[in-house]
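# Observations on the model geometry
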Amino acid sequence: ESAYQRIQEVDDSINAFLTLDESNAMSKASELDEKVAENGDQPLFGIPAGIKDNIMTAGLKTTCASQLLDDFDPIHNATVMERLNEQNIITVGKLNMDEFAMGSSNENSGYHVTKNPWNTDYVPGGSSGGSAAAVAAGQVPFTLGSDTGGSIRQPASFCGVVGLKPTYGRVSRYGLVAFASSLDQIGPITRTVEDNAYVLQQIAGHDDRDSTSVDVSVPNYLSAMEGNINGLRIAVPKEFLEEGVDAGVKEQIQTAIKTLEGLGAEVNEVSLPNSQYAVAAYYILASSEASANLARFDGIRYGVRKDGDDLIDVYKNTRSEGFGEEVKRRIMLGTFALSTGYYDAYYKKAQKVRTLIREDFNQVLHSYDVILGPTAPTTAFKIGDNINDPLTMYTNDILTIPVNLAGNPALSVPCGFSNGLPVGMQLIGKPFEERILYRVAHAYE
Ligand code: GLN
């Protein structure tokens, strides 16, 4: 009741939700009222949650914020939803995003623009902007987002909340509508680091239905919150505090570094020399994979169908009218990059750059426990400021994209304000070592 009351109060101005599921949620809540006694060991029991609209929820509309999927009701749940439902969470609704998770501001949604709760003239970030804004505005204690190039961390940073991109392979993507399959990961957005660990604990782990999900045991994330970071080795890549990073953001990160040193951590400057090529490589790889993944939206199998004289016409009309500008831009870029004659020059080259980026991370993390820097080079920008300039929009992910290319886990945790808007600090760890990110962030928080 209090979640819906809060949504009622603030969502007219924030616009975080695309779909609410009030009657089902309320009946689930009354059902759970009867079961409290038997479920004392379930930490998420009865907790209301919001889910990004690219994660399948059986019987609850899942649109990916695309007009093309305006009427799409999934017949099954994503694995993460099955796991959370077993824990008796309550899904209150589905959250706005950039269409098919392509974007950094929520301005690419096919429905409406979500506003930043700290200042509604500003974007909440993206693509999981609805997921971050709903937590920041106190509508729900936790949400799920997805992160292909920064889509959990950057909005978490812009909205002043905690967002984790788990290691590639840590959380099943079965039932996540694929954008770029070699990069996509689902993760939690929460108000505190501890809450984040509670959610990851439930969604992490191997799943036969996602062949990229890795079969390594799930550690206890809660016990990482021990408070002590004495002697921990932290690396700060010089490239992460160079040109393009706002002075106000830099200042907050430098203050955070001092705090961590005060807690006993040892902080040194390092270099990730190939990260400067990450955005270029990402837009080749992510667009190529997107062009293949989005081929399934043909007007026949899913969603809205636009009529035409013959089958090709139906495809054409459905895709022309159903997809927004940015999605079409990516499909064209990706199709071009994969075409005969260009494959070696673009796709293959980008894959090689990706390997170099991964090796940079491996090398630094061989001698350090975590890498630290800002999550984004700026705080939230004004709605309308970047939307007509895709290149500026793309470079906002310059600090998050390298991590997706490498596959490592990364956490964004709030670290102060600049000009009244939240700044996020990014912590990057070794594959499958989310625990150490929680440990540092919790000690800092
Ligand atoms: N902003 C990046 C993009 O537009 C990342 C998106 C994401 O992580 N889903 O591709």
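Above: the structure in question.
## Brief notes about the overall build of the protein chain
Looking only at helices and strands, the protein chain features 14 helices and 11 strands. For 445 residues, the compact-globule formula gives about 22 Å, and the C-alpha radius of gyration of the protein chain, at 21 Å, lands near that figure. Taking the principal axes of its C-alpha atoms as reference, the protein chain extends roughly 70 × 65 × 45 Å. Within the protein chain, the fraction of its 445 residues that count as buried is 57%. Taking all contacts inside the protein chain whose residues are at least 6 apart in sequence as the whole, residues at least 24 apart take part in 74%. Surface exposure of the protein chain reaches about 17,200 Å², of which carbon and sulfur atoms provide 47%. Between the mean site of the 36 positive side-chain charges and the mean site of the 57 negative ones, the protein chain shows a separation of 5 Å.

## Some details on the nonpolar core
Grouped together as the largest cluster of nonpolar side chains are 101 residues, with contacts concentrated most on Phe100, Leu144 and Tyr438. Per element, the largest residue contribution to this core is eight residues, and it comes from helix H8 (residues 278-293). In this structure, Ala25, Ala132, Ala133 and Ala134 belong to the second largest nonpolar core, which totals 24 residues.

## Remarks on the pattern of salt bridges
Opposite charge on two side chains permits them to pair, given that their charged atoms come into close proximity. Tallying each qualifying case throughout the model produces 14 salt bridges. In this structure, the salt-bridge partner of Arg153 is Asp147, at a minimum N-O distance of 2.9 Å. A relative accessible area of 0% means that Arg153 is categorised as buried. The buried category is assigned to Asp147, whose relative accessible area is 0%. The closest approach of N and O atoms between Arg209 and Asp207, which form a salt bridge, is 3.5 Å. Of the residues examined, Arg209 reaches a relative accessible area of 39% and is grouped as partly exposed. Linked by salt bridges that have partners in common, Glu82, Asp207 and Arg209 make up one network.

## Points about a nonpolar patch on the surface
Judged by side-chain polarity, Phe336, Tyr342 and Tyr346 come together as a nonpolar surface patch covering roughly 280 Å² of accessible area. Residue position: Phe336 is located in helix H10 (residues 325-338).

## Let's talk about the site of the ligand
Surrounding the ligand, one finds 15 residues, the nearest of these being Gly149, Ser151, Tyr282, Arg330 and Asp397. Here an oxygen atom of the ligand and a side-chain polar atom of Tyr282 are 2.6 Å apart. In isolation the ligand exposes 290 Å². Once the protein is present, 100% of that is buried. Tallied by class, residues from the shell around the ligand come to five nonpolar, seven polar and three charged.

## Here we look at the environment of Asn119
Position of Asn119 among the secondary structure elements: in the loop between strand S3 (90-95) and helix H4 (129-136). Given a relative accessible area of 30%, Asn119 falls into the partly exposed group. Each C-alpha atom, one on Asn119 and one on Phe72, is 33 Å from the other, the two residues being 47 residues apart in sequence. Side-chain polar atoms of Asn119 contact the backbone nitrogen of Asp121, separated by 3.0 Å.

## Side note on the pairing of strand S10 (residues 410-418)
As defined by bridge partners, strand S5 (residues 162-165) adjoins S10 across three bridges and the pair is classed as antiparallel. Across the sheet, Leu164 pairs through a bridge with Leu411, a residue of S10. Relative to strand S11 (residues 421-428), S10 is paired through seven bridges, and the arrangement is antiparallel. Bridge pairing in S11 links Leu411 to Leu427. Counting the residues between successive antiparallel strands, the hairpin from S10 to S11 contains two residues, one of them, Asn419, with a positive phi of roughly 50°.

## With respect to the state of the cysteines
Going through the model one piece at a time under the given rule, you end up with zero disulfides. Not part of a disulfide, Cys159 finds its nearest cysteine sulfur in Cys415, a span of 15 Å.

## Some points on helix H1 (residues 2-14)
Here H1 contains 13 residues, and its C-alpha end-to-end distance of 17 Å stays within 8% of the 18 Å for a straight helix at 1.5 Å per residue. At Gln8, H1 shows its largest bend, some 40°. Every buried residue belonging to H1 is among Ala3, Tyr4, Ile7, Val10, Asp11 and Ile14, and all of these are buried. In the core, the buried residues of H1 are packed alongside strand S1 (17-20), helix H2 (22-33), strand S2 (48-52), S3 and H4. Asn15 sits one or two residues past H1 and shows a positive phi near 60°.

## Some words on the side chain of Asp11
When you line up the elements, Asp11 lands in helix H1. Buried within the structure, Asp11 lacks any salt-bridge partner; its nearest side chain of opposite charge belongs to Arg6, at an N-O separation of 9.2 Å. At 3.1 Å, the side chain of Asp11 forms a polar contact with the side chain of Gln139. Leave out the neighbours within four places in its chain, and Asp11 touches Arg6, Ala16, Phe17 and Gln139.

## Overview of the sheet that holds strand S9 (residues 370-374)
With mixed pairing, the 11 strands of this open sheet are ordered in space as S1-S3-S2-S4-S6-S5-S10-S11-S9-S7-S8. In this open sheet, the two strands that pair with only one neighbour each are S1 and strand S8 (266-270). If you compare each strand with its neighbour and ignore which way they point, the axes differ by 30° on average. As judged from the two bridges shared by strand S7 (residues 233-237) and S9, these two strands associate in the parallel manner.

## Concerning unusual backbone geometry
At the junction of Gly126 and Ser127, the peptide bond is cis and its omega measures out at 5° in the coordinates. Within the element layout of this structure, Ser127 appears in the loop between S3 and H4. At Ala65, a residue that is not glycine, the phi angle is positive and equals roughly 55°. Structurally, Ala65 can be placed in the loop between S2 and helix H3 (79-86). The class for Ala65 is buried, based on a relative accessible area of 0%. Phi at Asn419 is positive, roughly 50°, even though this residue is not glycine. For Asn419, the position within the fold is in the loop between S10 and S11. Since its relative accessible area comes to 81%, Asn419 is described here as exposed.

What counts as what
- Residues numbered from 1 in each chain as written.
- Predicted model: local features only at pLDDT ≥ 70, side-chain atom pairs only at ≥ 80, totals over all residues.
- Heavy atoms only, no water.
- Helix = DSSP H or I, 4+ residues; strand = E, 2+ residues; numbered from the N terminus.
- Rg over C-alpha atoms; globule rule 2.2 N^0.38 Å.
- Buried < 20%, exposed > 50% of the residue type's maximum accessible area, 1.4 Å probe, protein only.
- Contact = heavy atoms within 4.5 Å.
- Areas by Shrake-Rupley, 256 points an atom, 1.4 Å probe, with all protein chains shown as cover.
- Lys, Arg positive; Asp, Glu negative; His and termini not counted.
- Charge placed at Lys NZ, Arg CZ, Asp CG, Glu CD.
- Core = buried A, V, L, I, M, F, W, Y, C linked by side-chain atoms within 4.5 Å.
- Salt bridge = Lys/Arg side-chain N within 4 Å of Asp/Glu carboxyl O.
- Patch = residues over 30% accessible without salt bridge, like charges linked within 9 Å, V, L, I, M, F, W, Y side chains within 5 Å.
- Near = heavy atom within 4 Å.
- Polar contact = N/O pair within 3.5 Å; in protein donor to acceptor, adjacent residues only side chain to side chain.
- Nonpolar A, V, L, I, M, F, W, Y, C, P; charged D, E, K, R; others polar.
- Pairing = 2+ DSSP bridges.
- Disulfide = S-S within 2.5 Å.
- Expected span 1.5 Å × (residues − 1).
- Bend = angle between axes of the 7 residues up to and from the residue.
- Axes fitted to C-alpha atoms, helices over the stretch in contact; angles between N-to-C directions.

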